[in-house]
Amino acid sequence: MKRPKIVVVGSSNTDLVVSVPQIPAPGQTVLGGALQTVAGGKGANQAVAAARLGGDVCLIARVGDDAYGTVARANFEHEGLDTRFVFVTAGVASGVALIAVDQTTGENSIVVAPGANACLRAADIAAASAAFEEAKMVVVSLEIPDEAVFAAVEAGFSRGIPVLLNPAPARALPREILEKLTILTPNQTECEQLGGSEALLAGGVKTLITTLGASGVHLEQLGKSPQRFPAPSVIPVDTVAAGDCFTGALAVELARGEPLDRAIGFACAAAAVKVTRPGAQSGLPYRGQVTVQ
Ligand code: RIB
């Protein structure tokens, strides 16, 4: 099958990860394991997930002109992404995420220093208009400024391309944007931060897919009965980027023409593989490693 074209607009980070016996509470210091440096960032994770799972992916993002940005761009090339629109901001640090991963549960806590991600502009999306030619799906997340988010949603919507928005980290979005989305994919916390599923559906969202970790996925669509999809049972090692893996996988399957229920099943299976592996992009599966039960 031809690899469907997918445009991903979002962040690129370098993840500085420490495995810890417990996530520190405010004011608490914990001693962890060795520092791991891993490619991350929600946008880049989604792009790499989609590419490994069969998409022809163009990433629109910004990195700094530092060593982390150089390594990130080389990594995107290695993953086979179209990097024409990975812009470099001079004199600004690339995005960095400080991550603690619980050694027992695989749960995580993340602090992001956005760096060059905060420099992505609506003008960058306009400059990347060639990326949208023949695209079957646009994927957007929220570690970038509103103006870039809105321009990316508009770029997809105005061309009739389905737009999948992963509202992470959560922040309020205007109705004019929510109405232009094909799918919104929050996790449970993000869904609550955005006012809950009823408010989102009343606010213009047509298809809401809430990821619930080990409890699977909840699908809600206006005028239809909600549906629950189970997650495969796995022993979690690291939940970082599980949601990004789900979003990237969902985008690929829908871009390949799969119906929504099958696409969700595949995305759940892909995310389950991710949580058994350490790291963000280092833990993302390839297509042949995903088995739908
Ligand atoms: O979703 C996981 C990602 O969130 C990490 O890779 C980190 O960079 C932050 O963006």
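Residues numbered from 1 in each chain as written. Predicted model: local features only at pLDDT ≥ 70, side-chain atom pairs only at ≥ 80, totals over all residues. Heavy atoms only, no water.

Points about the nonpolar core
Working step 1: One finds Ile 6, Leu 59, Phe 246, Leu 250 and Ile 264 to be the most contacted residues of the largest nonpolar core, which totals 43 residues.
Working step 2: Sorting the residues of this core by element identifies strand 1 (5-9), helix 1 (42-52), strand 4 (56-64), helix 2 (67-78), strand 8 (137-141), strand 12 (217-221), helix 8 (242-255) and helix 9 (260-275) as the ones contributing at least two each.
Working step 3: The contact partners of Leu 250, leaving out residues within four places of it in the chain, are Leu 164, Ile 183, Thr 185, Ile 209, Leu 260, Ala 263, Ile 264 and Ala 267. (Core = buried A, V, L, I, M, F, W, Y, C linked by side-chain atoms within 4.5 Å. Buried < 20%, exposed > 50% of the residue type's maximum accessible area, 1.4 Å probe, protein only. Helix = DSSP H or I, 4+ residues; strand = E, 2+ residues; numbered from the N terminus. Contact = heavy atoms within 4.5 Å.)

Details of the sheet that holds strand 6 (residues 95-102)
Working step 1: Spatial strand order, 3-2-6-7: 4 strands in an open sheet with mixed pairing. Edge positions in the sheet fall to strand 3 (36-40) and strand 7 (108-113), since each has one partner strand and no second. When the angles between neighbouring strand axes are averaged without regard to direction, this sheet yields 25°.
Working step 2: Here strand 2 (residues 13-20) pairs with strand 6 via 8 bridges, running parallel. (Pairing = 2+ DSSP bridges. Axes fitted to C-alpha atoms, helices over the stretch in contact; angles between N-to-C directions.)

Remarks on the packing of aromatic side chains
Working step 1: Evaluated as defined, the whole model comprises 1 aromatic pair.
Working step 2: Aromatic side chains Phe 85 and Phe 87 sit 6.3 Å apart centroid to centroid with 50° between the ring planes, which places their arrangement in the tilted category. Taken as a pair, Phe 85 and Phe 87 share a single burial class, namely buried. (Phe/Tyr/Trp six-rings, centres within 6.5 Å; stacked < 30°, edge-to-face > 60°.)

Digging into the confidence of the model for the chain
The predicted coordinates of low-pLDDT regions are not to be read in fine detail.
Working step 1: Counting all residues, the mean pLDDT for the chain is 97, and 100% of those residues have values of 70 or more.
Working step 2: Within the chain, the lowest mean pLDDT, 96, falls on strand 7, and the highest, 99, falls on strand 1. (pLDDT = per-residue confidence, 0-100.)

Regarding unusual backbone geometry
Working step 1: Here Ala 168 and Pro 169 are connected by a cis peptide whose omega angle stands at -10°.
Working step 2: By the element assignment, Pro 169 lies in the loop between strand 9 (163-166) and helix 5 (175-178).
Working step 3: Unlike most non-glycine residues, Glu 134 shows phi in positive territory, near 65°.
Working step 4: Relative to the helices and strands, Glu 134 resides in the loop between helix 3 (122-127) and strand 8.

Details of the pattern of salt bridges
Working step 1: Scanning all chains against the criterion turns up 9 salt bridges.
Working step 2: A salt bridge links Glu 79 to Arg 52; the nearest nitrogen and oxygen atoms lie 2.6 Å apart. With Glu 79 in the loop between helix 2 and strand 5 (86-89) and Arg 52 in helix 1, this pair connects stretches of sequence that are 27 residues apart.
Working step 3: Taking the relative accessible area as the measure of exposure, Glu 79 reaches 13% and is therefore buried.
Working step 4: The shortest N-O distance in the salt bridge between Arg 84 and Asp 82 comes to 2.8 Å.
Working step 5: Beyond isolated ion pairs, a larger network of salt bridges with shared partners links Glu 253, Arg 256 and Arg 287. (Salt bridge = Lys/Arg side-chain N within 4 Å of Asp/Glu carboxyl O.)

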